[in-house]
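Remarks on the overall topology
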Amino acid sequence: MDALLLLLRWMHIFGAVILVGGLCFSRFALIPALADTDDTSRDKIHENIRRRWLPWVIIGITLLLISGLTNFILFNNTVKAQGWSDGQWMKQTSYHTIFGVKFLLALGVFYLASGLFGRGSGTAWIRGDRMRWLGVTLGLAVAVIMLSSWLRNLHMGPNQLSIPDLGVSLSAEPETNDTSEPDRYQNSEAGTAFRQDSDSEAPVESSNTSSPTE
Ligand code: HEM
């Protein structure tokens with residue numbers, strides 16, 4: 001199961017890097033660099049790039065959809081099977097609402113990215129003003145990434161501030177030598193502890209062996 005989750009995570013991150021990386025490069029380097037080129041040469045270059053990049057857009061979208069949907073289903077099953085917060089965890093955290101918004105915005109990114117690098121006449125309006133629609137697509141992608149981090153934070157907690165074993169601390173708080181509390185964030189089980197701690201004042205004995213997805 002761990003191997004599957006790792007594979008899904010790789011797929012999701014590679015998909016996002018390919019898709020968003022291409023958009024960033026086009027918006028901030030390619031289009032400005034072609035601004036002084038004459039119309040005929042520019043159209044030719046755009047067509048050449050479009051043809052070569054389209055398969056990568058399709059690969060990126062496919063990786064994101066397969067890994068994202070599988071992850072979503074696996075995570076929902078885990079939360080349900082382990083009865084997190086007496087079956088109320090999804091409601092308490094608004095996980096499904098945040099996920100729903102992320103999913104809709106991601107569909108917007110997929111549509112615009114396909115239009116920017118596709119050749120259908122129905123999406124010609126997107127290619128008619130590349131600079132503007134690249135900006136909009138990137139804005140949506142940034143929102144998707146922020147919502148994704150929020151979702152992850154709901155069950156994994158914030159990133160750890162210190163790495164006790166190495167004696168490294170990123171925190172402004174003074175170090176204490178208190179070793180009574182185990183590092184809550186160093187593995188997926190720690191996500192469970194974080195969640196339970198924030199649910200109730202008193203720490204709850206963990207019956208969950210959470211394996212959060214992604
Ligand atoms: C523009 C498209 C997308 C981008 C840029 C994106 C980005 C991300 C990122 C950066 C993460 C956190 C990954 C990690 O920390 O390992 C994530 C998690 C996730 N994504 Fe996406 N994603 C996109 C589309 C989708 C789609 C289409 C789905 C579902 C169909 C999806 C489902 C998920 C799920 C379930 C998680 C795990 C959230 C959690 O930890 O609870 N994503 N995504």
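See the structure printed just above.
Moving on, we get to the overall build of the protein. Of the regular secondary structure elements, the protein holds seven helices and two strands. Scanning the protein from its N terminus toward the C terminus, one meets helices and strands in the order α-α-α-α-α-α-β-β-α. The burial tally for the protein puts 20% of its 214 residues in the buried class. Residue pairs in contact within the protein that sit at least 24 positions apart in sequence constitute 69% of those at least 6 positions apart.

The next subject is the nonpolar core. Ranked by size, the top nonpolar core spans 19 residues in total, and within it Leu19, Val109, Leu112, Ala113 and Leu116 carry the most contacts. Taken together, the elements giving at least two residues each to this core come down to α1 (2-33), α2 (39-81), α4 (95-117) and α6 (130-156). Take this core: its biggest share by element is six residues, from α4. Apart from the residues lying within four places of it in its own chain, the contact partners of Val109 are Thr137, Leu140, Ala141 and Val144.

Before going further, it helps to examine the packing of α4 against α6. For the pair α4 and α6, the least separation of the axes is 9 Å and the interaxial angle reads 155 degrees. Judged on the interaxial angle alone, α6 and α4 are roughly antiparallel. Considering only the axes of α4 and α6, their crossing is left-handed. Considered class by class, the residues forming the contact of α4 with α6 number 21 nonpolar, three polar and two charged.

Before going further, it helps to spend a moment on the environment of Val109. Relative to the helices and strands, Val109 is located in helix α4. A C-alpha to C-alpha distance of 7.8 Å links Val109 and Leu138, two positions 29 residues apart in sequence.

Between its first and last C-alpha atoms α1 spans 44 Å; for 32 residues at 1.5 Å apiece the expected length is 46 Å, and the two agree. At Ser26, α1 shows its strongest bend, of approximately 45 degrees. Along α1, the residues that are buried comprise Leu8, His12, Gly15, Ala16, Leu19, Gly22, Leu23 and Ser26. In this structure, the buried residues of α1 make contact with α2, α4 and α6.

The rules behind these values
Residues numbered from 1 in each chain as written. Predicted model: local features only at pLDDT ≥ 70, side-chain atom pairs only at ≥ 80, totals over all residues. Helix = DSSP H or I, 4+ residues; strand = E, 2+ residues; numbered from the N terminus. Buried ≥ 20, exposed ≤ 12 C-beta atoms within 10 Å, placed from the backbone. Contact = placed C-beta atoms within 7 Å. Core = buried A, V, L, I, M, F, W, Y, C linked by C-beta atoms within 7 Å. Axes fitted to C-alpha atoms, helices over the stretch in contact; angles between N-to-C directions. Parallel < 35°, antiparallel > 145°, perpendicular 65-115°, else oblique. Left-handed = near helix turned anticlockwise from the far one by under 90°. Nonpolar A, V, L, I, M, F, W, Y, C, P; charged D, E, K, R; others polar. Expected span 1.5 Å × (residues − 1). Bend = angle between axes of the 7 residues up to and from the residue.

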